Amino acid sequence: MKSTHPLAVLSLAAFLLGTGMPALAGEGHDHGDATPVATGKALPRFAAVSETFELVGVLDGKQVTLYLDRFADNTPVRGAKIDLEIAGAKFSAQSHGDDAYEIVLKEAPKPGVLPITATVTAGSDVDLLAGELDLHEAPHADDPVHQHSWKEYAGWAVGGLAALAVVVLGGRRLMTARQPQAGGAA
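Here goes a summary of the coordinates provided. (Residues numbered from 1 in each chain as written. Predicted model: local features only at pLDDT ≥ 70, side-chain atom pairs only at ≥ 80, totals over all residues. Heavy atoms only, no water.)

1. Let's talk about the pattern of salt bridges
Note on pairing: side chains with opposite charge can pair once their charged atoms come close.
Line of reasoning, step 1. Within the structure shown, the criterion is met by four salt bridges.
Line of reasoning, step 2. Ionic pairing is found between Asp125 and Arg70, a salt bridge with its closest N-O pair at 3.0 Å. Of this pair, Asp125 sits in strand S9 (residues 125–135) while Arg70 sits in strand S3 (residues 63–70), and the two are 55 residues apart along the sequence.
Line of reasoning, step 3. On the accessibility criterion, Asp125 (29% relative accessible area) is partly exposed.
Line of reasoning, step 4. Its relative accessible area of 27% is what places Arg70 among the partly exposed residues.
Line of reasoning, step 5. In this structure, the salt-bridge partner of Asp83 is Lys81, at a minimum N-O distance of 2.8 Å.
Line of reasoning, step 6. Relative accessible area serves as the criterion here: at 25%, Asp83 is assigned to the partly exposed category. (Salt bridge = Lys/Arg side-chain N within 4 Å of Asp/Glu carboxyl O. Helix = DSSP H or I, 4+ residues; strand = E, 2+ residues; numbered from the N terminus. Buried < 20%, exposed > 50% of the residue type's maximum accessible area, 1.4 Å probe, protein only.)

2. Considerations on the sheet that holds strand S1 (residues 45–49)
Line of reasoning, step 1. Taken together, the five strands give an open sheet; going across it, the order is S1-S2-S3-S7-S6, and neighbouring strands pair in antiparallel fashion. At either end of the open sheet lies a strand with only one pairing partner, and these are S1 and strand S6 (94–96). Here the average twist between neighbouring strands, direction ignored, is 30°.
Line of reasoning, step 2. Summarising the sheet, S3 and strand S7 (residues 100–104) pair through four bridges and their orientation is antiparallel. Opposite Thr65, over in S7, you have Glu102 as the bridge partner. (Pairing = 2+ DSSP bridges. Axes fitted to C-alpha atoms, helices over the stretch in contact; angles between N-to-C directions.)

3. Side note on the nonpolar core
Line of reasoning, step 1. Core analysis: the biggest nonpolar cluster contains 26 residues, and Leu55, Leu66, Leu68 and Leu84 have the highest contact counts within it.
Line of reasoning, step 2. Secondary structure elements with two or more residues in this core: S1, strand S2 (53–60), S3, strand S4 (81–86), S7, strand S8 (112–122) and S9.
Line of reasoning, step 3. Ranked by residue count, the leading element in this core is S8, at five residues. (Core = buried A, V, L, I, M, F, W, Y, C linked by side-chain atoms within 4.5 Å.)

4. Description of the environment of Glu132
Line of reasoning, step 1. Following the sequence through the fold, Glu132 ends up in strand S9.
Line of reasoning, step 2. A residue is classified by how much of its surface remains accessible, and Glu132, at 55% relative accessible area, is exposed.
Line of reasoning, step 3. Residue contacts for Glu132: discarding those within four places in its chain leaves Phe46, Val113 and Leu114. (Contact = heavy atoms within 4.5 Å.)

5. Observations concerning the environment of Glu152
Line of reasoning, step 1. Along the chain, Glu152 falls in helix H2 (residues 150–178).
Line of reasoning, step 2. For Glu152, a relative accessible area of 29% gives the class partly exposed.
Line of reasoning, step 3. Sequence-distant contacts of Glu152, defined by excluding residues within four places in its chain, comprise His146 and Gln147.

6. Remarks on the side chain of Thr65
Line of reasoning, step 1. When you line up the elements, Thr65 lands in strand S3.
Line of reasoning, step 2. Residue class for Thr65 comes out buried when judged on its relative accessible area of 15%.
Line of reasoning, step 3. A distance of 3.5 Å separates a polar atom in the side chain of Thr65 from a polar atom in the side chain of Gln63. (Polar contact = N/O pair within 3.5 Å; in protein donor to acceptor, adjacent residues only side chain to side chain.)

7. Describing the pairing of S4
Line of reasoning, step 1. Burial along S4 is one-sided: Ile82, Leu84 and Ile86 are buried, while Lys81, Asp83 and Glu85, pointing the other way, are not.
Line of reasoning, step 2. As judged from the six bridges shared by S4 and S8, these two strands associate in the antiparallel manner. Residue pairing in the sheet places Lys81 in a bridge with Thr121 of S8.
Line of reasoning, step 3. Two strands pair when backbone bridges link them, and S4 and strand S5 (residues 89–92) are joined in this way by four bridges, in the antiparallel orientation. The residue bridging Leu84 from the neighbouring strand is Phe91, located in S5.

8. Looking at the sheet that holds S4
Line of reasoning, step 1. Read across the sheet, four strands follow the order S5-S4-S8-S9 without closing on themselves; strand pairing throughout is antiparallel. Across the chains shown, the open sheet's two edge strands, defined by having one partner strand only, are S5 and S9. Strand-to-strand twist across the sheet, computed as the mean angle between neighbouring axes with direction ignored, equals 20°.
Line of reasoning, step 2. Alignment of S8 against S9, held across 11 bridges, turns out to be antiparallel. Looking across to S9, one finds that Gly112 is bridged to Leu135.

Read these as spatial facts, not as claims about activity.
Right, here's the structure in full:
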């Protein structure tokens, strides 16, 4: 009687060892270990909304770029007068291009939550909008990223080969124990 158990044991061992190995991909399909990198810097922003207007501000150092839209249909509001109060300091926005307004602050704001109030006058519409600008300190870009070295991969390979050797030797011993012995008592 022939047993297929050693083959099953070897198949299981090959499967278990294969799951610990990194997947190999062809050219164009390898994503590597690199983390995705943002294509531009993320700038802090705020939004202030009312039933009439939606105001979005983007802070870049000392410059605040404002985008004013109608709340109902999101169309840009051109030719509006925007007076902005940031943490108690008052500024008047200047038109910048067709769809944007600009304010230049005296100095870049410090980290924290800054209250923002905007008075918007567009034609016969006058509205008061309120929001907050939440500034955080810059994340630590110099934190080390874990890189896998060849020694780490070699350690896993040696461990895998040792486990495979144990399984193969155990399978052989099992096969030897199951084979009938010649010269037994009659």
